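One-letter residues, chain by chain:
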Amino acid sequence: MYHVIINPASRSGKGLRIWNNEVEPALRKAGVPYRFYLSGQAGDTTRFMRDLCLREKEDMFVIVLGGDGTVNEALQGMDDSRRVTLGYIPTGSSNDLARDLGIPKKPLEALDVILRSGRPSPMDLGTVVYPDGEKRRFAVSCGIGFDAAVCEEALHSKIKDIMNKLGLGKLTYLGIALRQLFASKAVSGKLTLEDNAPVDIGNMLFTACMLHRFEGGGFMFAPDADARDGLLNLCAVGDLPKLLILFALPTAFRGKHYMFRGITPYRSGHLTIETTLPLWVHTDGEVARRSDHICVTCEKDAIQIMLP
């Protein structure tokens with residue numbers, strides 16, 4: 001049985017059309033058993049996934065039709081992700097998970113990977129833990145600071161919806177990023193990897209903790225990341241003049257940003273980030289709260305995902 005969770009609002013509102021006109025007819029033609037669940041608002045996907053985990057006693061095959069944020073919501077509802085084989089049909093605006101894993105952009109080609117041509121492969125997952133004990137899992141990356149602030153503003157931007165429909169969504173992110181960059185305040189950070197001595201990051205702009213190479217719609221912040229090595233690849237940005245950051249960020253699309261002093265890579269399976277002021281935190285682009293202290297861990301081979 002395939003359990004299909006659909007975000008109808010994905011791809012600027014085309015998600016439902018893709019399901020109705022392409023994916024469901026193909027499932028019927030293939031003659032495979034399936035049930036589908038349509039999300040209507042934030043939190044529905046987590047609830048669907050939680051209910052499935054309670055109801056189904058055997059291992060499950062779950063297909064997500066949506067973006068990286070829809071996958072992230074599904075992760076929050078999994079009591080034991082090792083029971084899940086995940087199929088992904090990417091219909092989001094960033095699709096960084098699919099970009100790194102080579103999952104096709106076209107829905108029917110992605111479905112073919114799930115039903116016929118693909119193979120299940122283990123993949124790491126990450127977890128952010130806040131001081132009050134709240135936990136959030138992630139599949140692509142988490143970040144604290146500038147990148148999360150951009151995500152938070154974009155999530156509430158009415159202009160983004162309009163620009164997405166025009167196919168110009170990345171211009172929205174560019175405008176928000178520029179505004180956030182020059183509005184950001186000087187914040188000091190401290191990074192502790194495993195049991196090593198803390199590393200000070202003066203005037204920290206952001207620290208991204210990456211399982212995959214890309215975040216933010218194609219920024220290759222972690223060109224050496226491998227989502228099966230049990231480690232997080234970090235991109236820590238601090239002590240870099242804002243004008244220089246304008247030159248550094250475009251180079252991240254090609255993974256060349258580490259040539260700038262103040263942008264530093266790290267690797268660790270477990271780390272702590274502390275900041276002098278609470279900053280926004282994101283998991284796979286989803287933003288729930290600010291914090292001045294997070295613990296981030298990597299769980300090796302935490303889920304199976306269908307890959308080409």
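Before reading on, note that the structure itself is shown above.
Residues numbered from 1 in each chain as written. Predicted model: local features only at pLDDT ≥ 70, side-chain atom pairs only at ≥ 80, totals over all residues. Heavy atoms only, no water.

Participant: I'm lost on unusual backbone geometry in this one. Help?
Facilitator: Negative phi characterises most residues that are not glycine, and trans characterises most peptide bonds. Even without glycine at this site, Glu194 takes up a positive phi of about 50 degrees. Given a relative accessible area of 41%, Glu194 falls into the partly exposed group. Positioned with a positive phi, Asp301 is a non-glycine residue whose angle comes to about 50 degrees. Among the secondary structure elements, Asp301 is positioned in strand β14 (residues 286-307). (Buried < 20%, exposed > 50% of the residue type's maximum accessible area, 1.4 Å probe, protein only. Helix = DSSP H or I, 4+ residues; strand = E, 2+ residues; numbered from the N terminus.)

Participant: Quick question: what am I supposed to make of the side chain of Thr127 here?
Facilitator: Note that Thr127 resides in strand β5 (residues 119-129). On the basis of relative accessible area, Thr127 is assigned to the buried category, the value being 14%.

Participant: Quick question: what am I supposed to make of the packing of aromatic side chains here?
Facilitator: Aromatic ring pairs are reported here in terms of the distance separating the ring centres and the angle at which the planes meet. For the coordinates displayed, the defined rule picks out eight aromatic pairs. Their ring planes at 40 degrees and their centres at 5.7 Å tell us that Tyr37 and Phe48 sit as a pair that is tilted. Of the two residues, Tyr37 is situated in strand β2 (residues 34-38) and Phe48 in helix α3 (residues 44-55); the sequence distance between them amounts to 11 residues. Residue classification places Tyr37 among the buried positions, given a relative accessible area of 15%. Among the aromatic residues, those joined into a cluster by ring pairs are Phe146, Phe206, Phe219, Phe221 and Phe253. Stacked on the ring of Phe214, the Lys or Arg Arg99 has its end atom at 5.9 Å from the ring centre. Taking NZ or CZ as reference, Arg289 lies 4.2 Å from the ring centre of Tyr130, over its face. (Phe/Tyr/Trp six-rings, centres within 6.5 Å; stacked < 30°, edge-to-face > 60°. Lys NZ or Arg CZ within 6 Å of the ring centre and 35° of its normal.)

Participant: Would you take a moment to explain the environment of Arg136 for this structure?
Facilitator: Of note, Arg136 is situated in strand β6 (residues 135-138). Judged by relative accessible area, Arg136 falls into the buried class, the value being 16%. The spatial distance from the C-alpha of Arg136 to the C-alpha of Asn95 is 19 Å, given a sequence separation of 41 residues. Excluding anything up to four places from it in sequence, Arg136 contacts Asn72, Gln76, Gly126, Thr127, Val128, Thr283, Glu286 and Ala288. (Contact = heavy atoms within 4.5 Å.)

Participant: Honestly, the state of the cysteines in this entry has me stumped. Any pointers?
Facilitator: A covalent bond between the sulfur atoms of two cysteines is what we call a disulfide. Scanning the model with the defined rule gives zero disulfides in all. Of the cysteine sulfurs around Cys298, a residue in no disulfide, the closest is that of Cys209, at 11 Å. Classification of Cys298 as buried rests on a relative accessible area of 15%. (Disulfide = S-S within 2.5 Å.)

Participant: Sorry if this is basic, but what is going on with the packing of α3 against helix α4 (residues 68-76) here?
Facilitator: Angle between the axes and distance between the axes: these two values describe a pair of packed helices. In the contact formed by α3 and α4, the axes pass within 7 Å of each other and the chain directions differ by 40 degrees. In terms of their interaxial angle, α3 and α4 are classed as oblique. Crossing handedness for the pair α3 and α4: right-handed. Contact with α3, carried on its side by Asp44, Thr45, Thr46, Met49 and Arg50, involves Thr70, Glu73, Ala74 and Gln76 of α4 and no other residues of that element. Considered class by class, the residues forming the contact of α3 with α4 number two nonpolar, four polar and three charged. (Axes fitted to C-alpha atoms, helices over the stretch in contact; angles between N-to-C directions. Parallel < 35°, antiparallel > 145°, perpendicular 65-115°, else oblique. Left-handed = near helix turned anticlockwise from the far one by under 90°. Nonpolar A, V, L, I, M, F, W, Y, C, P; charged D, E, K, R; others polar.)

Participant: Sorry if this is basic, but what is going on with a nonpolar patch on the surface here?
Facilitator: Taken together, the side chains of Leu178, Phe182, Leu243, Leu244, Leu246 and Phe247 present a nonpolar region at the surface, about 570 Å² in accessible area. Sorting the residues of the nonpolar patch by element identifies α9 (169-183) and α10 (242-251) as the ones contributing at least two each. Looking at the secondary structure, you find Leu244 in helix α10. Relative accessible area serves as the criterion here: at 32%, Leu244 is assigned to the partly exposed category. (Patch = residues over 30% accessible without salt bridge, like charges linked within 9 Å, V, L, I, M, F, W, Y side chains within 5 Å. Areas by Shrake-Rupley, 256 points an atom, 1.4 Å probe, with all protein chains shown as cover. Salt bridge = Lys/Arg side-chain N within 4 Å of Asp/Glu carboxyl O.)

Participant: Explain the side chain of Asn233 to me, please; I cannot follow it from the model alone.
Facilitator: Within the secondary structure, Asn233 sits in strand β11 (residues 232-238). For Asn233, a relative accessible area of 6% corresponds to the buried category. Apart from residues lying up to four places away in sequence, Asn233 is in contact with Ala208, Cys209, Met210, Ala222, Asp224, Ala225, Tyr266 and Arg267.

Participant: Looking at this model, I keep getting lost on the pattern of salt bridges. Mind explaining?
Facilitator: Throughout the structure, instances matching the rule amount to 14 salt bridges. In this structure, Arg83 and Asp79 form a salt bridge, with 3.7 Å as the shortest nitrogen-oxygen distance. Of the charged contacts in the structure, one is a salt bridge between Arg137 and Glu299, with a shortest N-O distance of 2.9 Å. On the criterion of sequence distance, the pair formed by Arg137 in strand β6 and Glu299 in strand β14 is long-range, its members being 162 residues apart. Arg137 gets classed as buried once you look at its relative accessible area, which sits at 13%. Assessed through its relative accessible area of 28%, Glu299 is described here as partly exposed. One network of salt bridges, with partners in common, ties together Arg82, Arg137 and Glu299.

Don't take any of this as a statement about function, it's just geometry.
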